[in-house]
Structures are given as structure tokens and as C-alpha cells.
Amino acid sequence: MDGTTPGPDAAGRRPAGAWTWPPSSLLGSLPHSERQRLLALGAGRRYEADRVLMREGERTTFVLILLHGVVKATGLAPDGRDALLAVRMGGDLVGELAAADGGPRSATVTTCGAVIARVVSREEFLGCTGRNPGIAHAVNASVVAKLRVANTHRVDFTGCDAATRLARVLHQIVLTHGERSGAGALIRWPITQPELATLSGAAEPTVQKVLRRLREAGVISTGYRSVRVEDLARLSSIAFDPQP
């Protein structure tokens, strides 16, 4: 579960064919020709860890096409606490709602490690989707999928221990990027332990201990650049019905 990949440069360039994205992501779902049209938009940028890319309520309308790395979307709860709304990885689109309607940002988006993205203006993004019905359909399907997941769980970490927080993060990644198989699911897209630590608000050694306990309990297994959730119902129980 080291999640290492060859290092792209600051503009997000890599050798032809080196980028790979999960089929559940927008880029992974598009045919090659349409994917290339989307990737031709905007300019490549590299962001370091803990960088706020978008802030809830601000009036910006650019779109980010994530090529590599992980970001978290958080929202301000009524009592002032931050709630984890979503986890986005390479292959995903971020910020498309504000681009679509010109409204304020619905969440704060922060990097959970180094991130490579294409930064696309609203005008260029809408022009591309207007000219390419296949891309527009894929974007719409991606938005609908995100909304379905968002309606399932708005994750509040307040008062949760590290094991519960990490289980909630893994559960959300399964919902958005997992390949369901029987009682479990496979997460093929690599995510590093430092990224999991950032997402769950825990120290990296703590994440290592929790992952070890989850493996020993038969809830998950880990392989090269992948995590398999062996029992999704049990992971969900740990995440959302923790025992007192």
C-alpha cells in the first residue's frame, strides 16, 4: 500500500500511456479520444500537501481535473465543525458544480499529499462539454454518482476515535472508487498511508496500527497498490455503528 508512482513534472507531464485511472473515475470511464480532448484543456499544476485549492463559499469557477494524488472535500457543519464530504483521487473532476451554475463553492477542497491537476477555466470547460456530448454525458453521470454518495453519508469526525475515522474514510473510498465483488470490494487505486492519515485526522503510526488490526480481523487485506475490503458490511458497522 505504498502508493508510489513515477514522479510527474510540475506541469503534469508523463510519458505517453503512463497515466492510469480507475474505471469508476471520470477519466477512466471515457474513451481514449474524448479523454484526450478533456486533458487538452487548461494548464498543468502541481500542488503540495495541505494546500487549500477551493474554499467553501468563495466565488471562483475554475475546474480541476485531477491526474495524480488525493484531495478531501470538507464542509462547515451548523455547529461550526468541519465534516468530511468526499474523497477525490486521480481521474476525478473537482469544482464542476460552481462551473456549471456560477454559484459559490459548496465545499473546501484540500490536498492530502502532492497533487497534479489540470486547471481549466469555466468558459473552456463549458465549451468542451457543449461541443462533445459524450464528455457532457460522462460529466453528468459523475455528478449524479457523487450526489448519491453524498446523500448516503455526511461524515462528522467529532468524538470519533482513529479506528472509526479511518473506517469511515475507507468506506467512502469504496463507495466512490471500489469495485464491488460479493460481500466486499477492491480499491485498485493506490493511496498512501500519509494520505490516509491526513484524510482521517490521525498520525501515520496510528493509521498503521489500525490497518494492522483491520487486517488481523479479516476486514481488509492489502496488496501491491491496492486494498481489498473483505467484508463491506463489517467495515460499515465499524465506521458508523461503533460499539461503546
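This structure is a prediction, so every number in the text was calculated from the model and none was measured. (Residues numbered from 1 in each chain as written. Predicted model: local features only at pLDDT ≥ 70, side-chain atom pairs only at ≥ 80, totals over all residues. Heavy atoms only, no water.)

Novice: Help me out: how do you make sense of the overall build of the protein chain in this one?
Specialist: A tally of helices and strands in the protein chain yields 9 helices and 13 strands. The 244 residues of the protein chain split such that 50% are buried. Counting contacts in the protein chain only where the partners sit at least 6 residues apart, residues at least 24 apart contribute 71% of the total. (Helix = DSSP H or I, 4+ residues; strand = E, 2+ residues; numbered from the N terminus. Buried < 20%, exposed > 50% of the residue type's maximum accessible area, 1.4 Å probe, protein only. Contact = heavy atoms within 4.5 Å.)

Novice: Looking at this model, I keep getting lost on unusual backbone geometry. Mind explaining?
Specialist: The phi torsion of most residues other than glycine is negative, and most of the peptide bonds are trans. You will see that Asp-50, though not glycine, has its phi angle at about 65°, which is positive. You can see Asp-50 is positioned in the loop between strand 1 (43-47) and strand 2 (52-54).

Novice: I would appreciate a short explanation of a positive patch on the surface in the present structure.
Specialist: Taken together, the side chains of Lys-209, Arg-212, Arg-213 and Arg-215 make up a positively charged region of the molecular surface. Looking at where Arg-215 falls in the secondary structure, it is placed in helix 8 (residues 204-216). (Patch = residues over 30% accessible without salt bridge, like charges linked within 9 Å, V, L, I, M, F, W, Y side chains within 5 Å. Areas by Shrake-Rupley, 256 points an atom, 1.4 Å probe, with all protein chains shown as cover. Salt bridge = Lys/Arg side-chain N within 4 Å of Asp/Glu carboxyl O. Lys, Arg positive; Asp, Glu negative; His and termini not counted. Charge placed at Lys NZ, Arg CZ, Asp CG, Glu CD.)

Novice: In this structure, what is going on with the side chain of Thr-129? I would like to understand it.
Specialist: Along the chain, Thr-129 turns up in helix 4 (residues 122-131). Excluding anything up to four places from it in sequence, Thr-129 contacts Ile-135, Ala-136 and Val-139.

Novice: Even after reading the chapter, I still don't get the packing of helix 7 (residues 193-200) against helix 8, so can you show me in this structure?
Specialist: Between two packed helices, what matters for the description is the angle formed by their axes and the separation of those axes. Here helix 7 crosses helix 8 at 100°, and the two axes come no closer than 9 Å. When the interaxial angle is binned, helix 7 and helix 8 end up roughly perpendicular. Every residue of helix 8 that contacts helix 7 at Gln-193, Pro-194, Leu-196, Ala-197 and Ser-200 is listed here: Glu-204, Val-207, Gln-208 and Leu-211. Within the contact of helix 7 with helix 8, the residues separate by chemical class into 5 nonpolar, 3 polar and 1 charged. (Axes fitted to C-alpha atoms, helices over the stretch in contact; angles between N-to-C directions. Parallel < 35°, antiparallel > 145°, perpendicular 65-115°, else oblique. Nonpolar A, V, L, I, M, F, W, Y, C, P; charged D, E, K, R; others polar.)

Novice: Looking at this structure, how should I read helix 8?
Specialist: Three or four residues apart is the spacing at which side chains of an α-helix point the same way, because the helix has 3.6 residues per turn. End to end, helix 8 covers 18 Å across 13 residues, agreeing with the expected 18 Å (1.5 Å per residue, within 8%). What helix 8 keeps buried is the set Val-207, Val-210, Leu-211 and Leu-214. Along the axis of helix 8, the buried positions cluster into a sector of 100°, meaning they face one direction only. Just downstream of helix 8 lies Gly-218, where phi reads positive at about 80°. (Expected span 1.5 Å × (residues − 1). Arc of directions from axis to C-beta.)

Novice: Even after reading the chapter, I still don't get the sheet that holds strand 8 (residues 115-120), so can you show me in this structure?
Specialist: By definition, the strands of a sheet pair up through backbone hydrogen bonds, in either a parallel or an antiparallel sense. Taken in spatial order, the 4 strands make up an open sheet running 1-8-3-6, and their pairing is antiparallel. Taken across any chain shown, the strands that pair with only one partner, and hence form the sheet edges, are strand 1 and strand 6 (93-94). Judged from the 2 bridges that link them, strand 3 (residues 63-68) and strand 6 form a sheet pairing that is antiparallel. Each bridged residue has a counterpart across the sheet, and for Leu-64 the counterpart in strand 6 is Val-94. (Pairing = 2+ DSSP bridges.)

Novice: Where do I start with the layout of surface pockets in this structure?
Specialist: Rolling a probe over the atoms, with the probe sized like a water molecule, indicates the empty space that remains. Each pocket or cavity is described by its volume, and for the largest pocket that value is around 530 Å³. Lining the largest pocket are 26 residues, with Ala-73, Arg-88, Leu-97, Ser-106 and Ala-107 positioned closest to its centre. Among the elements of the structure, strand 5 (82-89), strand 6, helix 3 (96-101), helix 5 (133-152) and helix 6 (162-177) are those that each provide at least two residues to the lining of the largest pocket. Tallied by class, residues from the lining of the largest pocket come to 16 nonpolar, 5 polar and 5 charged. (1 Å grid on protein atoms, 1.4 Å probe; cavity = no way out; pocket = protein on both sides within 12 Å on 5 of 7 lines; lining within 4 Å. Points joined across faces, edges and corners; volume = space filled by probe spheres on them.)

Novice: I keep staring at the environment of Val-143 and nothing clicks. Help me out?
Specialist: Residue position: Val-143 is located in helix 5. With 46 residues separating them along the chain, Val-143 and Leu-97 place their C-alpha atoms 8.3 Å apart. Not counting residues up to four positions away in its chain, the partners in contact with Val-143 are Glu-96 and Leu-97.

Novice: Can you help me understand the nonpolar core in this one?
Specialist: Proteins that are soluble and globular tend to have nonpolar side chains buried together. Ranked by internal contacts, the top residues of the largest apolar core, which has 53 residues, are Leu-38, Ile-65, Leu-67, Ile-173 and Leu-196. A total of 7 residues in this core trace back to one element, the largest contributor, which is helix 6. When sequence neighbours within four positions are dropped, the list of residues in contact with Ile-173 reads Val-87, Met-89, Gly-178, Ile-187, Ile-191 and Leu-196. One finds Leu-53, Met-54, Leu-64 and Ala-86 within the second-largest nonpolar core, a separate group that totals 13 residues. (Core = buried A, V, L, I, M, F, W, Y, C linked by side-chain atoms within 4.5 Å.)

Novice: Sorry, what's going on with the pattern of salt bridges here?
Specialist: The final tally for this structure, using the stated rule, is 3 salt bridges. For Glu-96, the salt bridge is made with Lys-146, and the minimal N-O distance between the two is 2.7 Å. Remark: Lys-146 occurs in helix 5 and Glu-96 occurs in helix 3; sequence separation between them is 50 residues. Two residues, Glu-179 and Arg-188, come together in a salt bridge whose shortest N-O distance is 2.9 Å.

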